[in-house]
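Examination of the molecular architecture
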Amino acid sequence: PHAMRHAPHAMRHARRGAPVTSKHQHMQLRLPAALAVVLVVVALGCCCRPAHAQHIINLTIGDYEMRNDDAYLCTTVALPDEPLKLTSVAPLADMAIVHHILLFGCGVPAVSPTAENPRPVWDCLMTPVCGSGQSNVLYGWGRNAPPTSLPAGVGFSVGGQAGMRYIVAQVHYLSKERPEADHSGVSLTLHPDPLPYEAGVVTFAAAFHLQPGSDSTLVPNTCCYRGYQPLHMFAARVHTHALGRSVFMDRQARGRGDGATERVHEGDPQLPQAFYPTSHHLMLPGDVLTVTCDFNTSTTQTRVHAGSSHDDEMCNMYMMVYGWHPAISYCHGRYFQSEQRLARDTAMVPDPTGFWSPPNPMFAANDLLGSELGVATGVAMGVDGALWAIFRAGRDFGSFDVGHGMAWKLDEPIPTDVIARLDPDTGRVLSRWGAGQFQLPHFITLDGRGGVFIVDVGAHQVKKFNEAGELLLTLGGGPKSPGSSDDRFCQPTRAAVLRDGSFFVADGYCNQRVLKFSAEGQLLIQLQLPASTSVVHDIMPDECTDKLYIASRESRSVHVYSLQQLQFIETIQLSARVWSLLTRPEGGTLALLWEKSGKKATLVGLDGALPREVWELSGLDECYPHDATLGPAPLALSGASERLHALYVACTTADADIAGPLRKFVLLPAGRLLPDEAAIAAIGPQPLPALPIGMALVAAPAEAGASKGEHVVDGGTHSGDDGGAQSKDHSSVHSGDGGGARSGGGGVGPSSVLTASEAREEDLDVLGEEGKEGDASGDALTPQEVEEEVQVVLDEMAEGDAVAAIEASRPPDDVMTPEEVEEEEDTVMGELSEAGDLEKVEAQDSDLNAGDLEEAEAQDGDLNASDLEK
C-alpha cells in the first residue's frame, strides 16, 4: 500500500523533471525493484507483452600488457541469440586512469571471441574496432560522467537478427602503468521486450588543425538530414581534449528564409562527458545541422592537430535520437551517412498480421464507413506515426466538363468527412474532418509543422488546414473557374512544402507547369514544362541536394530541376507511368510505377548507379495504385528486433471491388524471418505510443550487481573496484557543479529530466507555435516544496483512492483495472516482505518527507530497505 500510494508522487516529480531533494544537497533515491516495476507500468503506458528477465553484461578490460601511454584497448562480447533492447549503460571507470570509453555495436568485431578466449582484449589504436557488417557508436563516457538510462519506450536493437550482434568497448588509458586491480569498462542492461522507439546516435567528428596563440578558434562541421522519418533529439555528448571551451549545434531555422539559425544544444567539454538531456527537438528531412567546437590555443606554442592522443585535439558531438527505426549515422561531407539502406533484395510482403482492416469500400453492406468514404486517393505519414488518408466518397473524373475548359459539373461539395487520421497498425479511423470542403480530392501533404495541404483536382484549388481541420489558406478560382493565370489552376495534383514554409504546386493535368508560392500564398516563380511533359502528376523536393523531382506520368519520366532557380538538370526515363514520388528510408527518391496494360506495380530507386533498383508490389495489377508512403511496421512483426518498414498504397480505380481498402506491405530484408501467427497474436496491434519524456541520469552503482529477475552474463558481478575507481565516490559527480551543458541551447544538468510538458512545448515550437525553453536551474525542489508536493498527492488520494490517482497519471490508451492494481500491490508487498512493516513507519510519521530522507541518507550512503524500516 505504501508503494502504491507513492507511485503517483514519484511520477509527478519525474514529469516535472526534478529529483525529490533540496537544491543544496543531491540525493539519489533508490527504490526497491518491485516498486520500480510498478513505476515502469505507470510510466510506460504501453506494455506490449509481459516483461521478461533482463540481462546484465559487465564488459571490462581483462589482463593486457600495455607498452605505451595513451593506449586504446578493446574488448568484446557476443550477444545472446535472442533480440534485445539495450536500455542503459553504467561506466566502470575513473578519469584518473581512463580518458574516455566508447561503446560500439558491430556485426562482427575486429577480433572475435572464441571458446578458449570468450573476452578477447586487443590494441585498437587507430584501427577499426569492427570487422564486417555494421559499426555504430552507441555510447561515450569521459571525466567521471554518471551512467545514463534511455527514456521509457526507447532502446538500441542488438542481438538476434539485428545488425549489431556484438558489443565492443574501446577504453582509452592515460598511462601504461595500469593499476593491478583495474577492470575498466561498462555494465550493460538489456531487455527482451519490444519497445515502440529505436534509439540511434548521429555522430559529428571533424578533421582540423589549430594555430597557436588564439583565444577562440571555431571548427564547424555541417550536414543535411535526408532520411524520411522524423528523429527526436533528446540527449547529447560533446568531446574535445584540454583546449576545447564549448561545443554547440545550430540548425537552420524553420519557417524562415533569411538564413537564421537556432541553437539546438551546447555543452562544456571540460565537464563530465556523458550523454546529457537536451530540450526536445525534431530532426526533419532537409534540416541542416552544424556542430561547432570553440578552442582556446592562447597557451600553446605549436600547431595542434586532430588526433587520438591527449596531446592532440578532437571536435566531436554525439547526438542521441529516437525514431521508428534505427538511426545510426555520421556526418561526412554534406550528408549524414548510414549503412542502413533499403537493399535491392528486400521483399515487399503483403501485411501478414491479420489485424490490418482499414475502411473497405468492397464490403458496403458490412462496412458502412468504407462505403461512405470510398476509395483512398492519397496517403501521408504524420510525425507522430499516425497514417493520414484522403478519400473520394464515390466520386471520379467523370464529372469534368471537357467542352468548357475542364470546369467541374457538380455544384455541391462532398458532404462527408473525407480526411481521416488512421491507426497505422489496424487502419482504424482515429479522427475525421473535411465535410463540405472538397469536390474531388487528389493528394494530401503534411508539412511536419502541423499543416495539412490538400489539392482538390475537381475544384482546381489548393487548400491548407491545420491538423484539426481549420482552413488556413485557399488558392485557385474554384470548381467553375479553371485557368492558367497566376491565380488559377487547372486540375492541380500535388503541393510540396519546403522548410521555410514556401511551397510548390504541380499544375497538373491541363497546364504542365510548376508554381512556387510563399508561405502566405504569394506567387514567387513558375516553371512551364515542355508540351511533351504530359500530366505533371507529382513533385518532390530534396532540400539537401537542392533538387526538385517532377513526375511526368504519361511520358514515363521524372524531370529534375534545381530547387531554388528551377534550372533543368536531367530527365530520368523509366519503363512505366510514374504515379507517385516518395523518400526512401535512408534518403533519396523512389518512384511508384504502374501500367494500365497489366504490368506489375513497382517501386524504383532514382538514385545510384544503373541498373536501377526495382521492388515488385504484388496484388496491385488492376487497382490503379495512385499514391504511396512509408511508415513503421507493427511491433508484432519485429518484437525486440529492429523495427521493419511498412509501405501504404492507395488505389483509385472506380471499381471499388478491385480498388479495395488501403494496401499495406512490409519491407522484409533478405534473411530476416517473420514470427509465426502465435507470436504475432501475443503482441498484437499497439496504440500510438506517447512521446517518451526524456533521458535520466542515475547515480553510479557501488557495484555492478544483478537484482532479482536479472540474468548476469559471464560469471556474475564484479566488486566495487572494477572500474579502476577503488576510492572514488561515484555519487560525487552529482554535486552542484557536476555535469550538464551550462550555456545556452536548452542544456540541462545531470539532476534534471526532460519533462512531458517541456517536450510538448518544444513540439509546439517546432510546429510553428510559440513554445518555451525549459530552465534547468529551477528544477530542484526545496524541502518545503517537497512537503507541499507530498501533501498535494495525499489530498488527491484522500480516502485511499489509489486507483484513481494512478489512473490519472497513465496515458488514456492503457487503463489499469482495479484487479491489476491489486495484483501489482500483492507483488510489491511480497517483494518487500523482509523490509519490515511499512505501515508502522506511516503510524510513527504521517509521511516520509525530505527531512526523513536526509536523516536516513546521513546515516547510510544510500537509501535502502533497512533505512525505510528504521
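The structure this text deals with has already been given above.
A short tour of the structure in this document, coming up. (Residues numbered from 1 in each chain as written. Predicted model: local features only at pLDDT ≥ 70, side-chain atom pairs only at ≥ 80, totals over all residues. Heavy atoms only, no water.)

1. Section: the overall build of the protein
For the protein, the count of helices and strands is twelve helices and 50 strands. Here the protein displays about 34,200 Å² of accessible surface, and carbon together with sulfur accounts for 50% of that area. (Helix = DSSP H or I, 4+ residues; strand = E, 2+ residues; numbered from the N terminus. Areas by Shrake-Rupley, 256 points an atom, 1.4 Å probe, with all protein chains shown as cover.)

2. Remarks on the sheet that holds strand β30 (residues 441-446)
Ordered by their spatial adjacency, four strands build an open sheet running β30-β31-β32-β33, and the pairing between neighbours is antiparallel. Looking at which strands have only one partner, the edges of the open sheet turn out to be β30 and β33 (471-475). Strand-to-strand twist of the sheet, defined as the mean angle between neighbouring strand axes without regard to direction, takes the value 20°. (Pairing = 2+ DSSP bridges. Axes fitted to C-alpha atoms, helices over the stretch in contact; angles between N-to-C directions.)

3. Considerations on the state of the cysteines
With the rule as written, the count across this model stands at seven disulfides. Note that Cys74 is cross-linked by a disulfide to Cys124, the S-S spacing being 2.1 Å. On the sign convention where negative is left-handed, the bridge of Cys74 and Cys124, at about 85° about the S-S bond, is right-handed. Of this pair, Cys74 sits in strand β2 (residues 71-78) while Cys124 is found in the loop between β5 (121-123) and β6 (135-142), placing the two residues 50 residues apart along the sequence. This pair shows no difference in class: Cys74 is buried, exactly as Cys124 is. Put simply, Cys224 and Cys544 are joined by a disulfide, and their sulfur atoms are 1.9 Å apart. The chirality of the disulfide connecting Cys224 with Cys544 is left-handed, given an S-S dihedral of about -80°. One end of the pair, Cys224, is in strand β13 (residues 217-224); the other, Cys544, is in the loop between β38 (536-542) and β39 (547-552), with 320 residues separating them in the sequence. Summarising the burial analysis for this pair, Cys224 and Cys544 share the class buried. (Disulfide = S-S within 2.5 Å. Buried < 20%, exposed > 50% of the residue type's maximum accessible area, 1.4 Å probe, protein only.)

4. Considering the pattern of salt bridges
Considering all chains together, one arrives at 27 salt bridges under this definition. Here Arg226 makes a salt bridge to Asp542, at a shortest N to O gap of 2.7 Å. Here Arg226 is found in the loop between β13 and β14 (231-239), whereas its partner Asp542 is found in strand β38, with 316 residues between them in sequence. Salt-bridge contacts for Asp621 lead to Lys600; the nearest nitrogen and oxygen are separated by 3.4 Å. Of this pair, Asp621 sits in the loop between β45 (614-617) and β46 (625-632) while Lys600 sits in the loop between β43 (589-593) and β44 (601-605), and the two are 21 residues apart along the sequence. Given the relative accessible area of 22%, Asp621 is considered partly exposed. What makes Lys600 partly exposed here is its relative accessible area of 40%. Here the salt bridges do not stand alone but share partners, grouping Arg251, Arg254, Glu262, Asp287 and Arg499 into one network. (Salt bridge = Lys/Arg side-chain N within 4 Å of Asp/Glu carboxyl O.)

5. What to know about the environment of Cys130
When you line up the elements, Cys130 lands in the loop between β5 and β6. Separated by 54 residues in the primary sequence, Cys130 and Thr76 have C-alpha atoms spaced 9.9 Å apart. Discounting residues that sit within four places of it in the chain, Cys130 has contacts with Phe104, Gly105, Cys106, Val108, Pro109, Ala110 and Ser135. (Contact = heavy atoms within 4.5 Å.)

6. Observations regarding the sheet that holds strand β48 (residues 663-668)
Read from one edge to the other, the open sheet built from four strands follows the order β23-β48-β47-β46, with strand pairing classed as antiparallel. Edge positions in the sheet fall to β23 (347-350) and β46, since each has one partner strand and no second. On average, each strand axis in the sheet is tilted by 30° relative to the strand beside it, whichever way the strands run. Looking at chain direction, β46 and strand β47 (residues 645-651) are connected through seven bridges and run antiparallel. Directly across from Pro632, in β47, lies its bridge partner His645.

7. A short note on the side chain of Ser399
Among the structural elements, Ser399 can be located in the loop between β25 (387-391) and β26 (400-401). For Ser399, a relative accessible area of 16% gives the class buried. Setting aside residues no more than four positions away along its own chain, Ser399 makes contact with Ala407, Trp408, Lys409 and Leu410.

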